[in-house]
Amino acid sequence: RAGLRMLEATALVNLGREKEAEALLDQVPDLDQGDYRIQKLQFRAVLANRRGRTQEAEELAGKIEELAAQAGWEDGRREAFCLRCTARLKRGEADGLEEDLRRYATCGGSLLSQVCDHLLLGRYCLAVGRTEEAREHLAFAAERGGPLYVGKEAAELLHALLDKLGIIRAEYEYVHVLIRAE
């Protein structure tokens, strides 16, 4: 039963349906062990970041890192870093992130991982004023993220960047970036 709820929560988080995802996560018991506990914390941190509760997201990332180390989950450190990095970037704090971004945001793995990495790198590049790099990363994430929350978020950031740069919509639609934020 918990497995089905977590599967549904995954879909809801990815689609950006936060309230429904949070309500469903409340129905999943806090187990002392297993992937569900880490995954549940991970979703809670993602939702906290999306709602601007960045301090909470960082605290949850610390718990994820701890549990992942205990469970021998090697990607736990990467996941915790990405959650912390997102929180810091949402607060406008980019200092000291580049080295770890190069280590963890490899833009490899599954398509969803690639999209998330490009979104994270796009956020970072925006924060440090590297607009052309930001544009490339955000375009990748927007195009390949499709209707998922990360794709829509990337499209919104890209749209705002292009507006700021004075680039009209017709000039960037040729790269097949579908601005879904409208």
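As a reminder, the structure under discussion sits directly above these lines.
Undergrad: Can you tell me about the packing of helix α7 (residues 111-127) against helix α8 (residues 131-145), naming the residues and giving the values?
TA: Taken N-terminus to C-terminus, the directions of α7 and α8 make an angle of 150°; their axes are 8 Å apart at the nearest point. The orientation of α7 relative to α8 falls into the category roughly antiparallel. Once α7 is placed against α8, the crossing between them reads as left-handed. Counted together, L111, Q114, V115, H118, L119, L121, G122, C125 and L126 of α7 and T131, E133, A134, H137, L138, F140, A141, R144 and G145 of α8 form the full contact between these two elements.

Undergrad: Before we move on, could you go through the side chain of E79 and cite the residues and values that matter?
TA: Assignment of secondary structure puts E79 in helix α5 (residues 76-90). Summary of buried charges: E79 has no salt-bridge partner, and the nearest side chain of opposite charge, R78, is 4.6 Å away. Among all residues touching E79, those that are not within four sequence positions of it are Q42 and W73.

Undergrad: Now, about the pattern of salt bridges: what can you tell me, with residues and values included?
TA: Summed over all chains, the structure comprises 20 salt bridges. Measuring nitrogen to oxygen at the nearest pair gives 2.1 Å for the salt bridge that ties R51 to E22. Linking R51 in the loop between α3 (35-50) and α4 (54-71) with E22 in helix α2 (residues 18-27), this pair joins segments that are 29 residues apart in sequence. Residue R51 is classed as partly exposed on the basis of its relative accessible area, which comes to 35%. Of the charged contacts, one joins R123 and E153 as a salt bridge, the two residues approaching to 2.0 Å between their closest N and O atoms. Here E153 lies in helix α9 (residues 149-165) and R123 lies in helix α7, a separation of 30 residues in the sequence. In this structure R123 comes out as buried when scored by relative accessible area, which is 14%. The class for E153 is buried, based on a relative accessible area of 12%.

Undergrad: So what's going on with α2? Residues and values would help.
TA: Listed as buried for α2 are E18, A21, E22, L24 and L25. The arc that holds the buried residues of α2, viewed along the axis, is 165°, so those residues lie on one side. The exposed residues of α2 that point more than 90 degrees off its buried face are K19 and D26.

Undergrad: Explain the packing of aromatic side chains to me, and be specific about the residues and the numbers.
TA: Applying the stated criterion across every chain, the model contains one aromatic pair. Ring centres of F81 and Y104 lie 5.2 Å apart, and the angle between their planes is 35°; on these two criteria the pair is classed as tilted. Taken together, the positions of F81 in helix α5 and Y104 in helix α6 (residues 98-104) put the pair 23 residues apart, joining distant regions of the chain. Overall, the relative accessible area of 9% leaves F81 in the buried class. Taking NZ or CZ as reference, R50 lies 3.6 Å from the ring centre of Y149, over its face.

Rules and cut-offs
- Residues numbered from 1 in each chain as written.
- Predicted model: local features only at pLDDT ≥ 70, side-chain atom pairs only at ≥ 80, totals over all residues.
- Heavy atoms only, no water.
- Axes fitted to C-alpha atoms, helices over the stretch in contact; angles between N-to-C directions.
- Helix = DSSP H or I, 4+ residues; strand = E, 2+ residues; numbered from the N terminus.
- Parallel < 35°, antiparallel > 145°, perpendicular 65-115°, else oblique.
- Left-handed = near helix turned anticlockwise from the far one by under 90°.
- Contact = heavy atoms within 4.5 Å.
- Buried < 20%, exposed > 50% of the residue type's maximum accessible area, 1.4 Å probe, protein only.
- Lys, Arg positive; Asp, Glu negative; His and termini not counted.
- Salt bridge = Lys/Arg side-chain N within 4 Å of Asp/Glu carboxyl O.
- Arc of directions from axis to C-beta.
- Phe/Tyr/Trp six-rings, centres within 6.5 Å; stacked < 30°, edge-to-face > 60°.
- Lys NZ or Arg CZ within 6 Å of the ring centre and 35° of its normal.

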